[in-house]
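Residue-level structural notes
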Amino acid sequence: MKCALVTGGSRGIGRAICAKLSAMGYYVLINYKNNTAEANTTLQQIGGNGELLQFDVADKAQINDVLGGWIAANSDKIIEVLVNNAGIREDSLMAWLKDEQWDNVIKTSLDSFFYVTRLVLEGMMMNRYGRIINVVSLSGLKGHAGQVNYSAAKAGVIGATKALAQEVGRSGITVNAVAPGFIKTDMTEGLDEKELKKQIPVNRFGTAEEVAHAVGFLASKEAGYITAEVLSINGGLYS
Ligand code: NAP
């Protein structure tokens, strides 16, 4: 059985990615942190063709226990596609940024990339096939005031994407990133879309489905010659 693991699959962009990968024929492992009801809605939306895997991606012990446990117990199943999507933002100007705001954001995006991917990589290397897609952000490319922690975490993942791509290309594994701009999800709830869209050439926020479409493309077999790439999905916003 061919599987895809999507971290943060209970809501927003992750949910849309689960739907896309399910439509591509994958059995989807839907990771989430707290929201079991929302994760179940995702599972329902993909017709039950998957399962929930609850663990905190910021906690390496949980990753090893839950994801490591799943891998050990399911040696007949192959994780072909990994989407490192789970992320949070805890914004503050640097002068007021608290230790825990720095730690939470770095652990959730950057540390999780390392601990989750390292576990999944072994099976991909044995299978000599894999697609790893990291959901980063425009903030990781250009930096964003009030998001020193978030920009650092996402920029770190971009560097790791490019380095890992060079390590595993020979094993049939591609490693890419997608960098969304403003996408309508819980994360951007409360932002003033009417005002912000004036800066966006296509004059609107994007949808989770538009990000999922790009992830599906990078996850396809046919995208095998694209690696170490960062694909912006931002409606032309790059200032
Ligand atoms: P969202 O609507 O807030 O959903 C976040 C998802 O991540 C939820 O499924 C949540 O699970 C999960 N999650 C959060 N912390 C987790 C943890 N420690 N362990 C496991 N799961 C965790 O966010 P989104 O807008 O879809 O964002 C998805 C990704 O896109 C993030 O990496 C974000 O940085 C990136 N991004 C978003 C935008 C945007 O405009 N929305 C722009 C650029 C980049 P629970 O439901 O259990 O909380």
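Shown above is the structure to which this text applies.
Now for a description of the structure that goes with this document. Remember, it's a predicted structure, so these values are computed and weren't measured experimentally.

1. Some details on the overall build of the protein
Counting its regular elements, the protein contains 8 helices and 7 strands. Over its C-alpha trace the protein gives a radius of gyration of 17 Å, about what one expects of a compact globule, namely 18 Å for 239 residues. Considering only C-alpha atoms, the protein reaches an extent of 50 × 40 × 35 Å along its principal axes. Between the averaged position of the 23 positive side-chain charges in the protein and that of its 24 negative side-chain charges there is a distance of 5 Å.

2. Remarks on the packing of helix α4 (residues 99-127) against helix α6 (residues 148-168)
Where α4 meets α6, the closest approach of the two axes is 8 Å, and the angle between their N-to-C directions is 15°. Put simply, α4 runs roughly parallel to α6. Pair α4 / α6 crosses with right-handed handedness. Counting all contacts with α4, which are made through Q101, W102, V105, I106, S109, L110, F113, T117, L121 and M125, the residues of α6 involved are V148, N149, Y150, A152, A153, K154, G156, V157, A160, L164 and V168.

3. Quick word on the site of the ligand
The full set close to the ligand counts 33 residues, and S10, N34, N85, Y150 and T185 are the nearest of them. In isolation the ligand exposes 900 Å². Once the protein is present, 95% of that is buried. The class makeup of the residues in the shell around the ligand is 14 nonpolar, 14 polar and 5 charged.

4. Notes on helix α1 (residues 12-23)
Here α1 is 12 residues long and its end C-alpha atoms lie 17 Å apart, about the 16 Å a rise of 1.5 Å per residue gives. All of the buried residues along α1 are I13, G14, R15, A16, I17, C18, L21 and S22. Among the residues trailing α1, G25 stands out with phi positive, at a value near 100°.

5. Topic: the environment of A37
Mapped onto the elements of the fold, A37 is located in helix α2 (residues 36-45). A relative accessible area of 55% means that A37 is categorised as exposed. Spatially, the C-alpha atom of A37 lies 8.3 Å from that of S10, the residues being 27 residues apart in sequence.

6. Concerning the packing of helix α3 (residues 60-73) against α4
The packing of two helices is summarised by the inter-axis angle and the distance between the axes. For the pair α3 and α4, interaxial distance at closest approach is 10 Å and the crossing angle is 20°. The pairing of α3 with α4 is recorded here as roughly parallel in orientation. Here the hand of the crossing between α3 and α4 comes out right-handed. Residues K60, I63, N64, L67, G68 and I71 of α3 touch α4, and the partners they reach there are Y115, V116, L119 and V120.

7. Brief notes about the pairing of strand β4 (residues 78-84)
Of all the 7 residues making up β4, 6 are buried; the element is thus mostly covered by neighbouring parts of the structure. Note: strand β1 (residues 2-6) against β4, 5 bridges, orientation parallel. Across the sheet, A4 pairs through a bridge with V81, a residue of β4. For β4 and strand β5 (residues 130-135), the ladder comprises 4 bridges, and the chain directions are parallel.

8. Quick look at the packing of aromatic side chains
All told, the structure shown has 2 aromatic pairs when counted by the stated rule. Here the aromatic rings of F114 and Y115 are separated by 4.9 Å at their centres, their planes lie at 65°, and the arrangement is edge-to-face. The interplanar angle of 10° and the centroid separation of 5.1 Å between the aromatic rings of F182 and F205 together place this pair among those described as stacked. Of the two residues, F182 is situated in the loop between β6 (173-180) and α7 (193-196) and F205 in the loop between α7 and α8 (208-219); the sequence distance between them amounts to 23 residues. The exposure class of F205 is buried, given its relative accessible area of 4%. The ring of Y129 has K221 sitting right over it, with the charged end atom 5.3 Å from the ring centre.

Rules and cut-offs
- Residues numbered from 1 in each chain as written.
- Predicted model: local features only at pLDDT ≥ 70, side-chain atom pairs only at ≥ 80, totals over all residues.
- Heavy atoms only, no water.
- Helix = DSSP H or I, 4+ residues; strand = E, 2+ residues; numbered from the N terminus.
- Rg over C-alpha atoms; globule rule 2.2 N^0.38 Å.
- Lys, Arg positive; Asp, Glu negative; His and termini not counted.
- Charge placed at Lys NZ, Arg CZ, Asp CG, Glu CD.
- Axes fitted to C-alpha atoms, helices over the stretch in contact; angles between N-to-C directions.
- Parallel < 35°, antiparallel > 145°, perpendicular 65-115°, else oblique.
- Left-handed = near helix turned anticlockwise from the far one by under 90°.
- Contact = heavy atoms within 4.5 Å.
- Near = heavy atom within 4 Å.
- Areas by Shrake-Rupley, 256 points an atom, 1.4 Å probe, with all protein chains shown as cover.
- Nonpolar A, V, L, I, M, F, W, Y, C, P; charged D, E, K, R; others polar.
- Expected span 1.5 Å × (residues − 1).
- Buried < 20%, exposed > 50% of the residue type's maximum accessible area, 1.4 Å probe, protein only.
- Pairing = 2+ DSSP bridges.
- Phe/Tyr/Trp six-rings, centres within 6.5 Å; stacked < 30°, edge-to-face > 60°.
- Lys NZ or Arg CZ within 6 Å of the ring centre and 35° of its normal.

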